[in-house]
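# Geometric and topological summary
Listed below, chain by chain, are the residues.
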Amino acid sequence: MQRLTEHPVLGPLGGQPISFEFDGIVYPAIEGDSVASALLACGIRTLRRSKQAGEPRGIYCGIGHCYECRVTVDGKSSVRACITPVADGMVVKPGPAPAEARP
Amino acid sequence: MTAFDVAIVGAGPAGLSAAIAAAEAGGRVAVVDENRVPGGRLLGQLHQESKDSWWIGQKVAAGLGERAAAAGVELFCGREVWGMHPGWFLALDGGDTISAPHVVLASGAAERAMPIPGWTLPGVMTVGAAQTLTNFYRVRPGQRIAVVGVDPLSLTVAHELKMAGADVVGIFLPPLSKLSGQGGHPGHNLGYLSGLASLAPNAFLRAAAGLVRNPVARKAAARLYPESGVPVLGVPLKLKQSITAIEGDERVRAVEVTDIDAQGRPKGRTRLLEVDCVCLSGGLYPVQELTGGCAAARIDELGGQVPLHSEEMETTLKNVFVAGNVTGIEGAKVAMAQGTVAGLAVAARLGLAEPARLRDAIASVDDVRRTSPITFLPNVGEGRRKAGELWAAAGTHQQAEAQAWA
């Protein structure tokens, strides 16, 4: 488990437990998590695959600048996991939505 | 379209401070930030300022956010600015527009890429990402972590990762290359660390700087520096080893460690060191995506390309102001002081702030800079002096503006 429930300076971690879905599996999260931080806490590092070579990609810059962490959230394509708060019941899929699935 | 007196891009320390200054004076203020959580780089910051006082960035961010809200600032968080048109009009995602006669660009900084082989593997991230994950989201980015690149941010984050219970196997140099420049050179790093001694924001940096206080010993130090590294508060500082590749199929499994000589040249010996996370630190640069119309200069002492600006933080574009790391890489306190100047300058234009208050705010930027506990770039004062000269040389406001649009 990579979650820091205790911290020597910041103290205990607050926040309500919630749950969300990623790639068809339900995962726990804490209110205030980003999609990326919640998945990392569950050991999930791969958020999408590159279009050409199919290589795995995950969190890189953490500030929404590099777009490496884009996922599909509740049907919305190309959402940056690192700056998107996770919500209870949210449905997240790896990578951008396939072109035929987009509105 | 929504109209305001001033539109501010960026809800970090500079943008929020500008918003507070303008709104508390009575201005109608909008702040746009692509992150749903305001605070910018403050969110991840955590360092000891004195024996019993910690700078906890997320608390500072929350305080600024509350004060801005109380002053009536309208926060557009989770929204992106894709363009800026004279007048001024900000084009947001989804087709919305914000209009305001004044703009403050506080777009902050991003981290330079360090594209060593394997850098796209999940588990490789910037030190800034690791910092926010650890201190704000409270998720350890890995159990066994290698940090690559020696600078105040990487040293601080290495210490924070250690505090959070991670096994930080070392702080290594990047491979010597045109891209890493002097960053791959052991002697340069020793000199650089020694320059941090008096500026070090925490015990970790002070300890690192103390290694190499004596400038005469530095050259010999680079030669004699042990390959196993020197432990600094429990984290080995490996100035004689560089990370030349990152290995793994689906995620990081190991780093390739190469022994280097005092000049940073590989000695031919490499080994694999198992890790599950690599934090890269290529250094910060000012983000200039929206300042394209402003006269600018490349000033390395400030971290790269920066817009020229007056003491009031106005650029060569009339009524377009800048504040924070977009003007050069410095700590959050300087960014806040600059933001206050920009916000008060706008308020003064609107007839809402006394000129004396603005003058005091301008004077306090240098005071904050002088007493700032963290300095990212060693010659920032020289950089500011150069920027000031270039601004003066740009002539009158109108001339510079005409040049900028030519």
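As shown above, the structure is provided for reference.
Residues numbered from 1 in each chain as written. Chains lettered and ligands numbered in written order. Predicted model: local features only at pLDDT ≥ 70, side-chain atom pairs only at ≥ 80, totals over all residues. Heavy atoms only, no water.

### Some thoughts on the interface of chain B and chain A
On the side of chain A, 40 residues touch chain B, which itself brings 43 residues to the contact. Surface buried jointly by chain B and chain A totals about 3300 Å² across both partners, of which 55% is contributed by carbon and sulfur atoms. With a shortest N-O distance of 2.5 Å, Arg 80 of chain A and Glu 80 of chain B are connected by a salt bridge. Across the contact surface, chain B and chain A share 14 residue pairs in polar contact (both at pLDDT 80 or more). Among the secondary structure elements, those contributing two or more residues to the side of chain B that touches chain A are strand 5 (53–56), strand 11 (109–111), strand 12 (124–126), helix 3 (127–135) and strand 19 (277–280) of chain B. Of all the elements, helix 3 of chain B adds the most residues to the side of chain B that touches chain A, at four residues. For the side of chain B that touches chain A, the residue count by class is 23 nonpolar, nine polar and eleven charged. (Contact = heavy atoms within 4.5 Å. Buried area = accessible area lost by both parts, 1.4 Å probe. Salt bridge = Lys/Arg side-chain N within 4 Å of Asp/Glu carboxyl O. Polar contact = N/O pair within 3.5 Å; in protein donor to acceptor, adjacent residues only side chain to side chain. Helix = DSSP H or I, 4+ residues; strand = E, 2+ residues; numbered from the N terminus. Nonpolar A, V, L, I, M, F, W, Y, C, P; charged D, E, K, R; others polar.)

### Topic: the sheet that holds strand 7 (residues 81–85) of chain B
Residues and elements named next belong to chain B. Read across the sheet, four strands follow the order 1-9-8-7 without closing on themselves; strand pairing throughout is mixed. Every interior strand has two partners, whereas the edge strands, strand 1 (2–3) and strand 7, have only one. One ladder, built from three bridges, connects strand 8 (residues 89–92) with strand 9 (residues 97–99); its direction is antiparallel. Opposite Leu 90, over in strand 9, you have Ile 98 as the bridge partner. (Pairing = 2+ DSSP bridges.)

### Quick look at the pattern of salt bridges
Residue and element names in this part refer to chain B. Within this structure, the stated rule accounts for 27 salt bridges over all chains. For Asp 96, the salt bridge is made with Arg 79, and the minimal N-O distance between the two is 2.7 Å. Of this pair, Asp 96 sits in the loop between strand 8 and strand 9 while Arg 79 sits in the loop between strand 6 (74–77) and strand 7, placing them 17 residues apart in sequence. With relative accessibility at 38%, the residue Asp 96 sits in the partly exposed group. Between Glu 382 and Arg 385 there is a salt bridge; the shortest N-O distance is 2.8 Å. One end of the pair is Glu 382 and the other is Arg 385, both in helix 10 (residues 380–393) and three residues apart, which spans about a single turn. Residue class for Arg 385 comes out partly exposed when judged on its relative accessible area of 40%. (Buried < 20%, exposed > 50% of the residue type's maximum accessible area, 1.4 Å probe, protein only.)

### Observations regarding the pairing of strand 10 (residues 102–105) of chain B
Residue and element names in this part refer to chain B. Side chains His 102 and Val 104 of strand 10 all project onto a buried face; the interleaved residues Val 103 and Leu 105 project onto the opposite face, where all are buried too. Both strand 2 (residues 6–9) and strand 10 contribute to a ladder of four bridges, which runs parallel. Each residue of the ladder has a partner; that of Val 9, found in strand 10, is Leu 105. Of the strand pairs in this sheet, strand 10 and strand 23 (residues 320–322) are connected by three bridges, and their pairing is parallel. Within the sheet, the bridge partner assigned to Leu 105 lies in strand 23 and is Val 322.

### Describing the side chain of Glu 301 of chain B
Residues and elements named next belong to chain B. Mapping Glu 301 onto the fold places it in the loop between strand 21 (296–299) and strand 22 (304–307). For Glu 301, the side chain forms a polar contact with the side chain of Lys 386, separated by 2.8 Å. If near-sequence neighbours (up to four positions away) are discounted, Glu 301 is found in contact with Leu 377, Asn 379, Val 380, Glu 382, Gly 383 and Lys 386.

### Some words on the sheet that holds strand 3 (residues 29–33) of chain B
Residues and elements named next belong to chain B. Pairing in this open sheet of five strands is parallel, and the strands run 6-3-2-10-23 from one edge to the other. The two strands at the open ends of the sheet, each matched to only one other strand, are strand 6 and strand 23. Ignoring which end each strand starts from, the neighbouring axes of this sheet average 20° apart. Each of strand 2, strand 10 and strand 23 is contacted by helix 8 (residues 332–349), which is oriented at about 155° to strand 23, the strand it contacts most. (Axes fitted to C-alpha atoms, helices over the stretch in contact; angles between N-to-C directions.)

### Here's the deal with helix 4 (residues 152–163) of chain B
All names here are of chain B. The end-to-end C-alpha distance of helix 4 is 17 Å, a good match for the 16 Å that twelve residues give at a rise of 1.5 Å each. In terms of burial, helix 4 is largely enclosed, as eleven of its twelve residues are buried. The distance from a side-chain oxygen at the start of helix 4 to the backbone nitrogen of Leu 153 is 2.8 Å, and the residue carrying that oxygen is Asp 151. Once helix 4 finishes, Gly 165 follows within two positions and takes phi at roughly 90°, a positive value. (Expected span 1.5 Å × (residues − 1).)

### Some details on the environment of Val 232 of chain B
All names here are of chain B. Within the secondary structure layout, Val 232 lies in strand 15 (residues 230–232). According to the relative accessible area criterion, Val 232 is buried, its value standing at 2%. With 73 residues separating them along the chain, Val 232 and His 159 place their C-alpha atoms 9.1 Å apart.

### Comments concerning unusual backbone geometry
Look at the link from Gly 87 of chain B to Trp 88 of chain B: it is a cis peptide, with omega at 5°. If you trace the backbone, Trp 88 of chain B turns up in the loop between strand 7 and strand 8. Positive phi outside glycine occurs at Tyr 67 of chain A, with the angle close to 60°. Counting through the fold element by element, Tyr 67 of chain A comes out in the loop between strand 4 (56–57) and strand 5 (70–73).

### Quick word on the environment of Gly 72 of chain B
Following the sequence through the fold, Gly 72 of chain B ends up in the loop between helix 2 (57–70) and strand 6. Owing to a relative accessible area of 53%, Gly 72 of chain B belongs among the exposed residues under this scheme.

### Some remarks on the packing of helix 3 of chain B against helix 4 of chain B
A pair of packed helices can be characterised by two numbers: the angle between their axes and the separation between those axes. Residue and element names in this part refer to chain B. Direction vectors running N to C along helix 3 and helix 4 enclose 30°, while the axes themselves pass 10 Å from each other. Here the hand of the crossing between helix 3 and helix 4 comes out left-handed. Taking contact as the criterion, the partners of Val 127, Ala 130, Gln 131, Thr 134 and Asn 135 in helix 3 are, on helix 4, Leu 153, Ser 154, Val 157, Glu 160 and Leu 161. A per-class count over the contact of helix 3 with helix 4 returns five nonpolar, four polar and one charged. (Left-handed = near helix turned anticlockwise from the far one by under 90°.)

### Notes on the packing of aromatic side chains
Taken as a whole and judged by the stated rule, the model has four aromatic pairs over all chains. Between Tyr 60 of chain A and Trp 119 of chain B, the ring centres sit 5.5 Å apart and the planes meet at 90°, which makes this aromatic pair edge-to-face. Linking Tyr 60 of chain A in the loop between strand 4 and strand 5 with Trp 119 of chain B in the loop between strand 11 and strand 12, this pair reaches from one chain into another. With relative accessibility at 12%, the residue Tyr 60 of chain A sits in the buried group. A centroid spacing of 6.0 Å and a plane angle of 90° characterise the contact between Phe 4 of chain B and Phe 76 of chain B, whose relative ring orientation is edge-to-face. Note that Phe 4 of chain B is positioned in the loop between strand 1 and strand 2 and Phe 76 of chain B in strand 6, a separation of 72 residues in sequence. For Phe 4 of chain B, a relative accessible area of 7% puts it in the buried group. On the basis of relative accessibility, which here comes to 14%, the residue Phe 76 of chain B falls in the buried class. (Phe/Tyr/Trp six-rings, centres within 6.5 Å; stacked < 30°, edge-to-face > 60°.)

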